[in-house]
Amino acid sequence: MFAVVRTGGKQYRVAAGDKIVVEKIGGEAGDSITLDDVLLAGEGSDLKPTDGLTVSAEIIAQAKAEKVIVFKKRRRHNYRRKNGHRQQHTILKITAVGGEKKAKKAPAKKAEATDGDTAAA
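Quick summary incoming for the structure in this document. Everything numeric in this text was worked out from a predicted model, so none of it was measured.

Once that is clear, we can look at the packing of aromatic side chains. The final tally for this structure, using the stated rule, is zero aromatic pairs. Lying across the ring of Phe-2, Arg-13 places its NZ or CZ 4.3 Å from the centre.

Structure follows, in structure tokens:
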């Protein structure tokens, strides 16, 4: 089974066992996360509904991309600026595709006091 998930403003086609590199996601190596934003899911040429579908993944490592050099220059003005940037990213291993979202329960309401003292005030 495969799914198309969106994370970090990009879309990825994933299946169980795949390794992908995404924009930085908080967490330590070994933590498991769920990707809730599933855009498309299917098996072979059959598409499945994505309501409540999730993709679970495990963080393999937090890493940095190759350095990108940003060089600015204006001719005949003695203006030169050199800057570098290394984008942080997370390496994920997809463990399962197609888990169901767990419905969050509303917090239990506190029982109101039935004492006569509070009603008399």
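Having seen it, we continue.
Time to look at the pairing of strand β5 (residues 38–43). Sheet topology note: the strand β1 (residues 2–7)/β5 ladder contains four bridges and is antiparallel. Looking at β5, one finds that Phe-2 is bridged to Gly-42. The pairing of β5 with strand β6 (residues 46–48) spans three bridges and is classified as antiparallel. Bridge assignment links Glu-43 to a residue of β6, and that residue is Asp-46. Connecting the antiparallel pair β5 and β6 is a turn made up of two residues, with Gly-44 showing a positive phi of about 70°.

Attention shifts here to the pattern of salt bridges. Under the defined criterion, the tally for this structure stands at two salt bridges. Close ionic contact of Arg-6 with Asp-37 constitutes a salt bridge, the shortest N to O distance being 2.9 Å. Of the two residues, Arg-6 sits in strand β1 while Asp-37 sits in the loop between β4 (32–35) and β5, which places them 31 residues apart along the sequence. For Lys-10, the salt bridge identified is with Glu-23, shortest N-O distance 2.8 Å. One end of the pair, Lys-10, is in strand β2 (residues 10–15); the other, Glu-23, is in strand β3 (residues 19–23), with 13 residues separating them in the sequence. Its relative accessible area of 37% is what places Lys-10 among the partly exposed residues. Residue classification places Glu-23 among the partly exposed residues on the basis of a relative accessible area of 24%.

With that out of the way, let us pick up the nonpolar core. Core analysis: the largest hydrophobic core is formed by 18 residues, its most contacted members being Val-14, Val-55 and Leu-92. Secondary-structure elements contributing two or more residues to this core are β1, β2, β3, β4, β5, β7 (53–64) and β10 (88–100). Looking at this core, the element that brings in the most residues is β7, giving four residues. Excluding residues that lie within four positions of it along the chain, Leu-92 makes contacts with Asp-18, Lys-19, Ile-20, Val-22, Ile-25, Ile-33, Leu-35, Ala-57, Glu-58, Ile-59 and Ile-60.

About the thresholds
- Residues numbered from 1 in each chain as written.
- Predicted model: local features only at pLDDT ≥ 70, side-chain atom pairs only at ≥ 80, totals over all residues.
- Heavy atoms only, no water.
- Phe/Tyr/Trp six-rings, centres within 6.5 Å; stacked < 30°, edge-to-face > 60°.
- Lys NZ or Arg CZ within 6 Å of the ring centre and 35° of its normal.
- Pairing = 2+ DSSP bridges.
- Helix = DSSP H or I, 4+ residues; strand = E, 2+ residues; numbered from the N terminus.
- Salt bridge = Lys/Arg side-chain N within 4 Å of Asp/Glu carboxyl O.
- Buried < 20%, exposed > 50% of the residue type's maximum accessible area, 1.4 Å probe, protein only.
- Core = buried A, V, L, I, M, F, W, Y, C linked by side-chain atoms within 4.5 Å.
- Contact = heavy atoms within 4.5 Å.

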